[in-house]
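This is what each chain is made of:
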Amino acid sequence: MLRFLTAGESHGVGLVTIVDGLPAGLRFTADGLAGELARRRQGYGRGPRMRIERDEIEIIAGIRFGLTTGAPVAVVIRNTEAERWKDELDPAPGGRPKRLLTTPRPGHADLPGMQKYDTGDARPILERASARETAARAVAGYAAEELLAALGVSVVGSVVQIGGETASRAATVAERELIEASPTRSVDGAEAMMMAIDRAKADRDTLGGIFAVVAEGVPAGLGSHTQWDRRLDGLLGRALLSIPAVKGVEIGDAFATAAGPGSAAHDEIDTDRRRLSNRAGGVEGGMSNGEPIVVKAAMKPLSTLMRPLRTVDVATGGADVAFRERSDVCAVPAASVVGEHMVAWTLAVAFVEMFGGDTITDVQERVAAYRARLDER
Ligand SMILES: Cc1cc2nc3c(=O)[nH]c(=O)nc-3n(C[C@H](O)[C@H](O)[C@H](O)COP(=O)(O)O)c2cc1C
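Criteria and thresholds
Residues numbered from 1 in each chain as written. Predicted model: local features only at pLDDT ≥ 70, side-chain atom pairs only at ≥ 80, totals over all residues. Heavy atoms only, no water. Helix = DSSP H or I, 4+ residues; strand = E, 2+ residues; numbered from the N terminus. Buried < 20%, exposed > 50% of the residue type's maximum accessible area, 1.4 Å probe, protein only. Contact = heavy atoms within 4.5 Å. Areas by Shrake-Rupley, 256 points an atom, 1.4 Å probe, with all protein chains shown as cover. Lys, Arg positive; Asp, Glu negative; His and termini not counted. Charge placed at Lys NZ, Arg CZ, Asp CG, Glu CD. Phe/Tyr/Trp six-rings, centres within 6.5 Å; stacked < 30°, edge-to-face > 60°. Pairing = 2+ DSSP bridges. Axes fitted to C-alpha atoms, helices over the stretch in contact; angles between N-to-C directions. Expected span 1.5 Å × (residues − 1). Arc of directions from axis to C-beta. Salt bridge = Lys/Arg side-chain N within 4 Å of Asp/Glu carboxyl O. Near = heavy atom within 4 Å. Polar contact = N/O pair within 3.5 Å; in protein donor to acceptor, adjacent residues only side chain to side chain.

Engineer: Would you mind going over the overall build of the protein chain with me for this structure?
Structural biologist: The secondary structure content of the protein chain amounts to eleven helices and 15 strands. Structurally, the protein chain occupies a C-alpha span of about 70 × 50 × 40 Å along its principal axes. Relative to its full complement of 377 residues, the protein chain shows a buried share of 46%. Taking contacts inside the protein chain between residues at least 6 apart in sequence as the whole, the part at least 24 apart equals 71%. If you sum the accessible surface of the protein chain, you get close to 18400 Å²; carbon and sulfur atoms cover 54% of it. Treating the 46 positive side-chain charges of the protein chain as one cloud and the 51 negative ones as another, the clouds have centres 3 Å apart.

Structure (structure tokens):
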């Protein structure tokens, strides 16, 4: 069984990820992981935090000479500004916060978390609810993408909409790198999207948007129609909806097809068993159908506004405005990388469940035999 857990606070000593169940012999290097973390950090619309948020990686367990050993992989991503927060987040008894955060921010975990965990201070809630946690998921996402690459599967996330501005098509990886390297570059609506971010920033507001994730090379039959919790579409939905601020998921062209008739909704089957279209986004009956898997996710505009929203002061019971914590204007580009990691993870879990194997060569052989069977019949 492939699984992962994360721990760590936004301003704590570091983030910890344990990935259990990876087959032995899979490539896993600190440099490769650093590349994934850097992709997540970048993107137009992210604030000064990202310059501070350098990621210092330490591989603690499960890797030898750049390859997985089959033992649990443990990685620590150290927080380079932890020293500044040492007193505020001290694990030793007797510490005191400098200031209580008593004016919870609408759209965040602050108030429900304070109610649930019975605290008058939002700090312990927001430290864990912060999307900084998604950096820890990059460890699992990186491992998953290496596993999938070894099986001939690629997963790519890209931005398709920022606020009301749409890309005429999803940017490719190369284009996205160009966009990130040079904010003035125009790639299919990218400039309009960046201008929308500039406008929101000037208005002291925030933006959300939509990202897409496409997985190519997945054979038919991943997931299953036989039980609700084995359906691949359900698993993909859960994985994407677990990303902070993602509030909607679309498999294929779900929302467009919902508006039309069945004759314009389905993908007719050719004699070679390929589809004449891919409106289903590569999933039918809870299983991959051999076409590219296409999922989209809607991200709400970020909740921390430089123009704070109305709230209650839980200390006094009076009306107030929400406290401000350093924040981005738009994080859809970063979320597209997190989405890519979560989709890759979901597919890697499905592969390992279906094919098993203690070494990557075992898994490769089994997948190759299965692909050969599909081709034969
Ligand atoms: C990559 C990424 C970066 C984020 N950055 C911010 C941010 O800078 N400011 C903010 O208010 N929310 C940010 N969020 C969203 C919040 O973490 C999220 O809205 C909040 O935890 C409440 O969870 P919910 O929106 O899922 O209900 C980010 C989300 C992601 C995926």
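Engineer: What should I look at first to understand the packing of aromatic side chains in this one?
Structural biologist: Between two aromatic rings, the relevant description is the distance of the centres plus the angle of the planes. According to the stated counting rule, one finds four aromatic pairs in the structure shown. One aromatic cluster is present, formed by F351, F355 and Y370 through successive ring pairs.

Engineer: Would you mind showing me how to read the sheet that holds strand β13 (residues 293-299) here?
Structural biologist: What holds strands together in a sheet is hydrogen bonding between their backbones, with the strands either parallel or antiparallel. If you trace the five strands from one edge of the open sheet to the other, you get β8-β7-β9-β13-β10, paired in antiparallel fashion. Taken across any chain shown, the strands that pair with only one partner, and hence form the sheet edges, are β8 (165-166) and β10 (246-251). Relative to the sheet, helix α7 (residues 190-202) contacts β7 (154-162) and β8, its axis offset from that of β7 by approximately 55°. Packed on one face of the sheet, helix α8 (residues 232-241) meets β9 (209-216), β10 and β13 and runs near 155° to β10.

Engineer: What is the right way to read helix α11 (residues 360-376) from this model?
Structural biologist: Two residues of an α-helix separated by three or four positions point the same way, owing to the 3.6 residues in each turn. With 17 residues, α11 ought to run about 24 Å at 1.5 Å a step, and its terminal C-alpha atoms sit 24 Å apart, in line with that. Those residues of α11 that fall on the buried side of the exposure criterion are I360, V363, V367 and Y370. Viewed end-on, α11 has its buried residues packed into an arc of 95°, placing them on one side of the element. Counted as exposed and oriented over 90 degrees from the buried face of α11: E365, D375 and E376. Where α11 is buried, its residues contact α5 (133-150) and α10 (332-355).

Engineer: What is the right way to read the pattern of salt bridges from this model?
Structural biologist: Opposite charge on two side chains lets them pair, provided their charged atoms get close. Applying the stated criterion to the full structure yields 21 salt bridges. A salt bridge links E146 to R27, with the nearest nitrogen and oxygen atoms 2.9 Å apart. Linking E146 in helix α5 with R27 in the loop between β2 (14-20) and α1 (30-41), this pair joins segments that are 119 residues apart in sequence. Here E146 falls in the buried class, since its relative accessible area comes to 14%. K296 serves as the salt-bridge partner of E250, at 3.3 Å between the closest nitrogen and oxygen. Residue E250 is found in strand β10, and its partner K296 is found in strand β13; the two are separated by 46 residues along the sequence. Here the salt bridges do not stand alone but share partners, grouping E36, R39 and E340 into one network.

Engineer: Would you take a moment to explain the site of the ligand for this structure?
Structural biologist: Neighbouring residues of the ligand: 18 residues in total, closest H108, K247, K300, T304 and S327. A245 has a polar backbone atom sitting 2.9 Å from an oxygen atom of the ligand. Within the contact set of the ligand, a nitrogen atom lies 2.7 Å away from a side-chain nitrogen or oxygen of S327. Within the complex, the protein chains bury 86% of what would otherwise be the 620 Å² of accessible surface of the ligand.

Engineer: What exactly am I supposed to notice about the side chain of R105 here?
Structural biologist: Along the chain, R105 falls in the loop between β6 (73-79) and α3 (110-116). A polar contact of 2.7 Å, which involves the side chain of R105, links it to the side chain of D110. Setting aside chain neighbours within four positions, we find R105 in contact with D110, L126, T304, A322, F323 and E325.

Engineer: I keep staring at the sheet that holds strand β3 (residues 55-61) and nothing clicks. Help me out?
Structural biologist: Taking strand neighbours across the sheet as the criterion, the four strands line up as β1-β2-β6-β3 in an open arrangement whose pairing is antiparallel. Unpaired on one side and paired on the other, β1 (3-7) and β3 mark the two borders of the sheet. Strand-to-strand twist of the sheet, defined as the mean angle between neighbouring strand axes without regard to direction, takes the value 20°. Relative to β2, β1 runs antiparallel, the two being bridged by five bridges. Considered in β2, the bridge of A7 is made with V16. The strands touched by α1 within the sheet are β3 and β6, with β3 carrying the most contacts at an inclination of about 140°. The strands touched by α5 are β1, β2 and β6; relative to β2, the strand with the most contacts, the crossing angle is about 30°.

Engineer: Explanation requested: unusual backbone geometry in the structure shown.
Structural biologist: Note on backbone geometry: most residues besides glycine have negative phi, and most peptide bonds are trans. Positive phi values are uncommon outside glycine, yet F65 reaches one of about 55°. Inspection of the secondary structure assignment puts F65 in the loop between β4 (63-64) and β5 (67-68). At D118, a residue that is not glycine, the phi angle is positive and equals roughly 55°. Among the structural elements, D118 can be located in the loop between α3 and α4 (123-129). Classification of D118 by relative accessible area gives exposed; the value is 72%.

Engineer: So what exactly am I meant to see when it comes to the environment of G35 here?
Structural biologist: Looking at the element boundaries, G35 is found in helix α1. G35 sits in the partly exposed class, given a relative accessible area of 32%. Expressed as a C-alpha distance, the spacing of G35 and V246, which sit 211 residues apart in the sequence, is 24 Å.

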